[in-house]
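Fold and geometry: a report
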Amino acid sequence: MFRSYLLITARNLLKHKLYSLINILGLAFGIASSTVLFLLIKHETSYDQFHPFKDRIFRVVETIDQHGVGEHSASVPFPTASTLQKDYPKWIEKSVRLFNYQMPSLSISYQNKTYNESKFFFADSTFLEVFNFPLAQGDAEFALSKPHTVIISEIIAKKYFGKENPLGKKIIFWNRIPLIVTGVFETTNKPSHLQFDFIASFSTLESTIPEPIMNRWVWNPCWTYIVLRDKSFASELEAQFPTFVQKYFEDKMKDNVTLSLQALTDIHLKSNLDYEISPNGDIKYVYIFWVTAILILVIASINFMNLSNARAFLRAREVVVRKMIGADKEELIKQFLVESVLMSAVALVFAFIVVELASPHLSDLSGSPISNYIKNDWNIIKYVLFTGLFIGLLSGIYPAIYLASFDPTKMYRGSVLSGITEPRFRSVLVVVQFVIAILMLVSTFVSIRQLNYMKNAKLGFDKDYVLIVSIGGSSSVLLYDDIKRNLLQHPSILSVTSTEEVLGNNYQTHEYRTSINKAAYYPTITVAHDFLQTFNIEIVAGRDFIDKTKLLESYQNNSYIREEDFLTYFEDDEENAVIINESMVKYLGYVTPQDAIGQEFRSGEEGAEKIIGVVKDFHIASLHTPLQPFVIDLADRRTQRLHLKYVAIKIDKNRSEEAIVTLQNVWKKVNPNHALDYFFLEDKLNKLYMKEQKWSEISLQFSVAAIFIACMGFFGLASFIVEKQRKDVGIRRAIGATTLEIVFFLSQKLIRLVFVSILVAAPLGFILMHIWLSSFPYRIQLTPDIFAYSGSIIVFITVFIIGFHTFKIALQTPVEAIKSL
Amino acid sequence: MKIIKTVNVEKIYTSFDVDTVALNKVNLEIEQGEFVSIMGPSGCGKSTLLNLISLMDLPTRGEVFFMEQSTSKMSDRKRAEFRRKYIGFVFQNFNLIEELSVYENIELPLVYLRMPPSERAQRVRAVMERLDVAHKQRFFPMQLSGGHQQRVAVARAIVASPLVLFADEPTGNLDSKHGQEVMEILSELNEAGTTVVMVTHSTANAEFANRIIQLFDGHIVTGKVNQYSF
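Small disclaimer: the values here were computed from a predicted structure and weren't measured.

Here is what the cut-offs are and how they apply
Residues numbered from 1 in each chain as written. Chains lettered and ligands numbered in written order. Predicted model: local features only at pLDDT ≥ 70, side-chain atom pairs only at ≥ 80, totals over all residues. Heavy atoms only, no water. Helix = DSSP H or I, 4+ residues; strand = E, 2+ residues; numbered from the N terminus. Polar contact = N/O pair within 3.5 Å; in protein donor to acceptor, adjacent residues only side chain to side chain. Contact = heavy atoms within 4.5 Å. Buried area = accessible area lost by both parts, 1.4 Å probe. Salt bridge = Lys/Arg side-chain N within 4 Å of Asp/Glu carboxyl O. Nonpolar A, V, L, I, M, F, W, Y, C, P; charged D, E, K, R; others polar. Buried < 20%, exposed > 50% of the residue type's maximum accessible area, 1.4 Å probe, protein only. Pairing = 2+ DSSP bridges. Domains from an automatic or database assignment. UniProt positions renumbered as here; feature names shortened; annotations may be inferred.

Moving on to the side chain of Ser443 of chain A. With respect to the helices, strands and loops of the structure, Ser443 of chain A is situated in helix H14 (residues 424-456). Only 3.0 Å separates the side chain of Ser443 of chain A from the side chain of Ser699 of chain A, close enough to count as a polar contact.

See below:
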């Protein structure tokens, strides 16, 4: 019997090649598309799953909150790890800290070359005990046990030492601190939120950072992980944190600090704190991927069902004959199910090929490649097999029942087609399929618009034609004044300043004392002179910072500094001035910006700063966060080395190439031993929206896939409906209908289905997109044109498909049309 | 044995709230071994009657007995089993499955009867020899002439040795020579003991039967014994 099923399936597939191809390819694309999404989901959910203690590892995080202002930090003060372990030994087995001076990169030299390395961390010697990062070379037990030791990645080993054995080689950190390579990490593709190329022993820092800083409970630069003896202790430990904070944190902030634990395996998808060690994913997108994958499978299944049904009329005679010679319903259902599963098996082969071809081009939400999964992962292969066969079976049930239930008495004489009624359920399926396709189109339009909105939004400062050069974490910062002076001698360079963080990307918090708060931590951008000018930030009250070392003439073009300001002000702004934004004015309770001018804003007990200016609000971080009060503080010469990490250079937009060459030349002249790292601010800020960028790309790709699959099903269905009405067409032609009238007659039912789909999809899409957009503080408006475009695309495609079928039949002569049945 | 018996059988089709009486209180008995022709003008209910007595359809009212068993309450599966075991069909338009070869078409009823392959092969070969289609066994229906297609259809209908062979206009699509051949085959089968019930428009074909039932507007108007058939 099974042989008979196989035989007839194969012959049917070959006989109706186009239908078979459409049916199989539709399912194959559906399975392949959903598999690609499941690969992404698997990748996103597999972060840090490979550590043996993964369920017992937690990160300690800190929230500083003063009436809505403060920070949510992924890192905590230096002494937190050791003190926790000392106070709660029953619960905590071990701990590890990672530290990188909160610098975007740190300078490493070997022989005559110096590089800026962004994945450099100091870590406690327990690093390799807590995390499972195997060494390709070196002894894990001792690799970090001594000061001045470092473990490097295989990539770095190759970059620095070529084919030489890296073990025992000496590299220099920050031009003066020697580090001996004691190990090389094995390269693995296992995803982790910890991305590093260098892990140096934490004990090295004892010779570089003064002990009082290492023992203070204020600065919080250490990513701190603890291993609990049992994961159930997490809540008990967290319950002790308020007492712990009160006991150790400094008086001025302990009432505002909250510590909490974050499960290691939650970090990648559920954490979105300040100072994350690397860009994270977002659980929201994992859910969206799930829904998309399922919707695509639904479309593919419906497609499969509709095509099988559409083909049913071709099989009607066979069904009837089989019934008459004794096949019962169950047997026929079995036969058609076997056929479905066999077809899906063929589709699976195609799906595997598509996924294999696509996988080298896959990247996750942060843009990292995730290739080679399918070959290496038996679970994925099992998933694809199971899904394919399950979909084949599921999609086969309805057509099988439908086919098996043909009433032979109505058909076994005369026209076979006339006996087949078109089931309403199939119309419902078509509507569902188009609703999904329209929803995916709407989602694509909305996500692309939202992305463009965020990328092109007015941030309150100029981000175009601003070059950023990294100088933090190296001796380059000491050369800032030289670099600036040299750069400004060239006409392609319009203005130069320096900042603590990349403006619009990130910020720090610093402690200030104001008229309303004894001491509080405020979002701060520490800057050098000419900051407002470089970024074209508008002042609404007061003035810009004045550099007393400059001549009055150099402020001729700065409308925010009046001559009398320059001549009558004898103090140094570095020590005595801050500028705040409009939101800070409101936060501090002043009625107008002018009221804030001259008010105290002291950095620490001895600070003497006053508010000298108020700028219009601008976005100091991505548009994922709302506007907030912040401070612009001028770095003083003493702390400049610690606070200034970037040079920002406004260049002439018509001479950008010349400006880059100028920068390279100046750098070579002033800082010849150090590699130049620069980027355009706009590019950096666009990366803030990498998740949205990836989602809009994915949404677009999968909308196209969904529409493609849906159209395949629709193609078959249209063919069926048109074929069924061939005789009617002949009669209409005979009594004088024109070709267009025939096309209209044939298309109206299908077009109606498309319009029903649009009516259903529009409100549903509005609600879903409204929910998605509401997670953004700054978002686009959902305008009717989005739905109009989506609907129009579907209408256009369906009209094209219907036209393809109907014109063919409408152009037949009446005699041909009637004879063909 | 009365292989088929109908008691006051009625069949009413309802379409757009309009009832059409296809059969009206039809009483009919067919003995085992008979060759019965059902005749009548188009729309008189011939095919409807054939559907009911071949267990393809259920009457609106009345009762159909097959092998003296009431069929009105039989499950779909049971009726399929009866068709499998006791009934063979020959159609006007042959209704061979185009995707199956001559051999596979003939074999199909035996497959549904779950007959072992060796026995199937034996039976199929025998019936192919009998109907002179063995040399075409690897052909597909589209490659055969109408006459050969009908021979294959008859072979398929009789391969399971049914008690009753239903034929619905079996020569309708054949030329007179091939039509004559098919009628002779049916006649031979009947002589060998198979009950044959045939719907036909052709008086000449009807003459092969030993009883002719005339239908008109859903009624049996005559059920005379064919005097020429003996």
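Moving on to the environment of Leu429 of chain A. Residue and element names in this part refer to chain A. With respect to the helices and strands, the residue Leu429 is situated in helix H14. Separated by 130 residues in sequence, Leu429 and Ile299 place their C-alpha atoms 8.9 Å apart. The contact partners of Leu429, leaving out residues within four places of it in the chain, are Ile302, Met305, Asn306 and Tyr398.

At the interface, 29 residues of chain B touch 30 residues of chain A. With both chains or domains summed, chain B and chain A bury close to 2,800 Å², and 51% of this area falls on carbon and sulfur atoms. The three residues of chain B that bury the most area against chain A are Met56, Glu99 and Tyr112 of chain B, which together make up 23% of that side's buried surface. Our count for the chain B to chain A interface comes out at 3 salt bridges. Between Arg11 of chain A and Glu104 of chain B there is a salt bridge, and its shortest N-O distance comes to 2.4 Å. For the pair chain B and chain A, the interface holds 5 residue pairs in polar contact (both at pLDDT 80 or more). When residues of the side of chain B that touches chain A are traced back to their parent elements, those giving at least two are helix H1 (46-53), helix H2 (76-86) and helix H3 (102-112) of chain B. Here the residues of the side of chain B that touches chain A are counted per class, giving 12 nonpolar, 5 polar and 12 charged.

Here we take up the pairing of strand S1 (residues 57-66) of chain A. Residue and element names in this part refer to chain A. Across the 10 residues of S1, 9 count as buried, placing the element largely inside the fold. Where S1 and strand S13 (residues 257-263) come together, 7 bridges link them in antiparallel fashion. By the bridge assignment for S13, Arg59 is matched with Gln262. With 5 bridges joining them, S1 and strand S2 (residues 69-73) adopt antiparallel strand pairing. Bridged to Glu62 within S2 is Ser73. Counting the residues between successive antiparallel strands, the hairpin from S1 to S2 contains 2 residues, one of them, His67, with a positive phi of roughly 50°.

Moving on, we come to the domain arrangement of chain A. What the domain assignment lists for chain A is domain 1 (2-44 + 283-454 + 692-819), domain 2 (78-248) and domain 3 (475-673). The C-alpha-based centres of domain 1 of chain A and domain 2 of chain A are spaced at 53 Å.

When the UniProt feature table is mapped to this numbering, "domain: MacB-like periplasmic core" (unreviewed entry) covers residues 20-239 of chain A. Taken as a whole, residues 20-239 of chain A contains 26% helix and 31% strand, while its terminal C-alpha atoms sit 63 Å from one another.

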